[in-house]
Amino acid sequence: MADLQTAVELTKLARELDVPDSDLAFLAPIGADALRDLRADISEAIFAAHAPQLHRIAALTTLLPITLTTKIAELAMGPVLCAKIAAVLEPANAVKLAKQFKPAFLTEVSLNLEPSRAAAIISELPDALVIDVGTRLLTMGELITLGRFVSFVDVDVALGVVESASPADLLRVAVFTEDKSALEAIVSALPDETLAEVVRVAGETGQYDDAVTLLEALSAESTARLLGLVAGISTDLISGFVSAVDGHDAWPAVIAGIGGLDSEQLAMLANLPEIADPALIDRVVRHAHRADAAPSLVKAVLVLDEQHLEVVSQAPALAEPKIKKWLIATTGVSPRLVKAVLSELGV
Amino acid sequence: MNTELSRLAERLGVTTGRLQPLQALAKRDVQQLDDLVSSTMTSGAEAFDKGIEEALRFVPRPLRGTARSLLFPGGDRG
């Protein structure tokens with residue numbers, strides 16, 4: 001999974017340094033967490049380097065009438081500088097100014113704004129204005145910026161923006177959303193039909209990696225909901241999804257969601273041809289062991305067809321005494337029953 | 001700790017320990033990152049200078065002196 005998050009962080013850092021993503025490819029080996037910290041340090045350093053100028057300009061705005069300040073901002077400073085200046089203005093003054101800007105200019109400002117420094121401003125802007133700017137960002141394809149702002153607006157405002165997004169764009173915004181609790185709130189508020197469309201389009205357009213990234217960011221409850229919707233799309237598309245989960249080793253997220261799936265949904269996913277692979281089953285069992293999720297594992301085994309049950313018995317992990325002991329002790333059903341099932345499976 | 005990393009740490013105002021993950025990179029890569037940060041800071045400073053000069057043109061004449069002394073407290077510009 002790290003490679004996907006690393007790509008997202010590289011894109012964000014490239015935006016900060018105003019270079020193409022490819023110019024920063026050499027940073028990929030340090031990983032997503034280190035890249036996130038590095039971006040924060042670089043952003044802070046660049047901001048600090050201009051702090052004296054920023055504070056002087058902020059002081060100037062208090063001397064002039066707001067209409068003149070607006071004119072100077074739009075015609076002399078431009079959106080890049082205004083975005084930096086906004087961070088040092090008194091929030092109340094910044095809000096007054098933002099309301100005066102043309103929405104198109106405010107949209108350009110938002111592209112260059114560090115949302116964490118402007119949280120107090122964003123929260124005081126009228127919802128309609130934020131939705132207008134957000135919709136313009138969507139139209140411009142500025143999904144990274146949208147993803148970064150999602151964490152700083154109310155869920156209703158975020159929904160107001162994404163309701164006009166295509167399923168593919170919605171998925172990308174989700175991937176770029178920095179605050180996972182905000183993402184969780186938005187996904188929870190999206191209707192099943194919208195989320196199902198996102199899943200279906202992800203399959204049709206090969207955005208499996210993005211779908212897996214989303215899956216990993218969600219709670220167990222939302223993961224189960226998403227997996228249930230995945231189970232409802234055509235088998236061909238599900239197969240690609242399962243391959244992406246396995247390729248990115250995202251099984252811990254899937255295992256966490258198994259508890260919320262009904263038997264029919266789980267059977268649809270668990271009996272796919274791609275699952276009938278002893279090495280894959282072995283990886284799933286080991287992840288379930290690490291997550292101490294024996295009940296989920298048992299629930300999945302109980303819906304397998306004959307062909308898949310045959311493959312389960314070939315997974316090396318199930319022959320290991322410590323894993324057998326763990327299964328017998330923690331599945332939540334009678335140890336005798338578990339032993340009998342393992343015996344029946346030939347383990 | 002290599003020179004390139006120390007230079008980048010100094011530019012960012014952080015300890016070299018904070019940049020420990022970058023030790024895995026080649027020196028030339030750290031140098032390249034430092035160059036990019038430096039370039040971004042320089043272009044940003046130039047943009048500010050230009051923006052401030054432009055802003056002064058819009059300030060009404062009676063306020064221009066006050067604005068100039070506020071924006072250039074050392075009197076080194078304008």
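Residues numbered from 1 in each chain as written. Chains lettered and ligands numbered in written order. Predicted model: local features only at pLDDT ≥ 70, side-chain atom pairs only at ≥ 80, totals over all residues. Heavy atoms only, no water.

Visitor: Can you help me understand the overall build of chain B in this one?
Guide: When helices and strands are tallied, chain B shows three helices and zero strands. In chain B, the succession of helices and strands from N to C terminus is α-α-α. By the compact-globule yardstick of 12 Å for 78 residues, chain B is too spread out, its C-alpha radius of gyration being 19 Å. When its C-alpha atoms are laid out on the principal axes, chain B stretches across 60 × 20 × 15 Å. Summarising the internal contacts of chain B: among those between residues at least 6 apart in sequence, 35% fall at separations of at least 24. (Helix = DSSP H or I, 4+ residues; strand = E, 2+ residues; numbered from the N terminus. Rg over C-alpha atoms; globule rule 2.2 N^0.38 Å. Contact = heavy atoms within 4.5 Å.)

Visitor: Any chance you could explain the interface of chain B and chain A here in plain terms?
Guide: A common way to state how big an interface is: give the accessible area lost once the parts meet. Chain B puts 33 residues into the contact, and the matching count from chain A is 35 residues. For the pair chain B and chain A, the two sides together bury roughly 2,900 Å², of which 81% comes from carbon and sulfur. Contact with chain A buries area across many residues of chain B, yet Phe 48, Phe 58 and Leu 70 of chain B alone supply 23% of it, more than any other trio. Where chain B touches chain A, the interface holds one salt bridge. Here Arg 18 of chain B ties to Asp 41 of chain A by a salt bridge, and the two come within 2.7 Å at their closest N and O atoms. Elements supplying a minimum of two residues to the side of chain B that touches chain A: α1 (3-12), α2 (27-58) and α3 (61-71) of chain B. (Buried area = accessible area lost by both parts, 1.4 Å probe. Salt bridge = Lys/Arg side-chain N within 4 Å of Asp/Glu carboxyl O.)

Visitor: I tried to follow the packing of α2 of chain B against α3 of chain B on my own but got confused; where do I start?
Guide: Residues and elements named next belong to chain B. It is at 10 Å that the axes of α2 and α3 come closest, and there the two elements cross at 165°. Classed by the angle they form, the pair α2 and α3 counts as roughly antiparallel. Along this stretch, α2 crosses α3, giving a crossing that reads as right-handed. Contact residues: Ile 52, Leu 56 and Arg 57 in α2; Arg 64, Ala 67, Arg 68 and Leu 71 in α3. (Axes fitted to C-alpha atoms, helices over the stretch in contact; angles between N-to-C directions. Parallel < 35°, antiparallel > 145°, perpendicular 65-115°, else oblique. Left-handed = near helix turned anticlockwise from the far one by under 90°.)

Visitor: Can you help me understand unusual backbone geometry in this one?
Guide: Across residues other than glycine, the phi torsion is negative in most instances, and most of the peptide bonds are trans. All names here are of chain A. The backbone of Asp 249 sits at a positive phi, close to 50°, despite the residue not being glycine. Following the sequence through the fold, Asp 249 ends up in the loop between α16 (235-247) and α17 (251-258). Although it is not a glycine, Asp 292 adopts a positive phi angle of roughly 50°. The residue Asp 292 is located in the loop between α19 (278-290) and α20 (294-301) in this model.

Visitor: I keep staring at the environment of Asp 35 of chain B and nothing clicks. Help me out?
Guide: As for its placement among the helices and strands, Asp 35 of chain B is situated in helix α2. Classification of Asp 35 of chain B as partly exposed rests on a relative accessible area of 42%. (Buried < 20%, exposed > 50% of the residue type's maximum accessible area, 1.4 Å probe, protein only.)

Visitor: Can you walk me through a nonpolar patch on the surface in this structure?
Guide: Residues Val 333, Leu 337 and Val 341 of chain A make up a contiguous nonpolar surface patch of about 220 Å² in total accessible area. In this structure Val 333 of chain A comes out as partly exposed when scored by relative accessible area, which is 39%. (Patch = residues over 30% accessible without salt bridge, like charges linked within 9 Å, V, L, I, M, F, W, Y side chains within 5 Å. Areas by Shrake-Rupley, 256 points an atom, 1.4 Å probe, with all protein chains shown as cover.)

Visitor: Any chance you could explain the confidence of the model for chain B here in plain terms?
Guide: Low-confidence regions, as indicated by low pLDDT, have predicted coordinates that should not be scrutinised in detail. Per-residue confidence for chain B averages 89 on the pLDDT scale, and 94% of its residues sit at or above 70. No element of chain B has a lower mean pLDDT than α3 of chain B, which averages 87, and none a higher one than α1 of chain B, which averages 95. (pLDDT = per-residue confidence, 0-100.)

Visitor: What am I meant to see in the nonpolar core here?
Guide: Taken as a class, soluble globular proteins show a tendency for nonpolar side chains to be buried jointly. Met 77, Phe 241 and Trp 251 of chain A are the most contacted members of the largest nonpolar core, which totals 127 residues. Counting residues in hydrophobic clusters, the runner-up holds 27 residues, among them Leu 35 of chain A together with Leu 12, Leu 33 and Met 41 of chain B. (Core = buried A, V, L, I, M, F, W, Y, C linked by side-chain atoms within 4.5 Å.)

Visitor: Explain the packing of helix α8 (residues 127-140) of chain A against helix α10 (residues 155-162) of chain A to me, please; I cannot follow it from the model alone.
Guide: To describe two helices that pack against each other, one gives the angle between their axes and the distance between the axes. Residues and elements named next belong to chain A. Where α8 meets α10, the closest approach of the two axes is 8 Å, and the angle between their N-to-C directions is 40°. For the element pair α8 / α10, the angle class is oblique. In the packing of α8 onto α10, the handedness of the crossing is right-handed. Where α8 approaches α10, its residues Asp 127, Val 130, Ile 131, Gly 134, Thr 135 and Leu 138 are matched on the opposing element by Val 157, Gly 160 and Val 161. Its residues assigned to classes, the contact of α8 with α10 comprises five nonpolar, three polar and one charged. (Nonpolar A, V, L, I, M, F, W, Y, C, P; charged D, E, K, R; others polar.)

Visitor: I keep staring at the packing of aromatic side chains and nothing clicks. Help me out?
Guide: The geometry of an aromatic ring pair comes down to the distance between the two centres and the angle between the two planes. All names here are of chain A. Summed over all chains, the structure comprises one aromatic pair over all chains. Taking 4.9 Å as the distance between ring centres and 70° as the angle between the ring planes, the aromatic pair formed by Phe 101 and Phe 105 counts as edge-to-face. Under the relative-accessibility criterion, Phe 101 is labelled buried at 8%. Positioned above the aromatic ring of Phe 47, the side-chain terminus of Arg 117 is 4.2 Å from the ring centre. (Phe/Tyr/Trp six-rings, centres within 6.5 Å; stacked < 30°, edge-to-face > 60°. Lys NZ or Arg CZ within 6 Å of the ring centre and 35° of its normal.)

Visitor: How do you make sense of the environment of Gly 141 of chain A when you look at a structure like this?
Guide: Residues and elements named next belong to chain A. Summarising the element assignment, Gly 141 is placed in the loop between α8 and α9 (143-149). Residue classification places Gly 141 among the partly exposed residues on the basis of a relative accessible area of 46%. Sequence separation between Gly 141 and Val 173 is 32 residues, and the spatial gap between their C-alpha atoms is 9.9 Å.

Visitor: Can you help me understand the side chain of Gln 53 of chain A in this one?
Guide: Position of Gln 53 of chain A among the secondary structure elements: in helix α3 (residues 51-63). On the basis of relative accessibility, which here comes to 12%, the residue Gln 53 of chain A falls in the buried class. Excluding its chain neighbours within four sequence positions, the residues that come into contact with Gln 53 of chain A are Ala 45, Phe 48, Asp 49 and Ile 52 of chain B.

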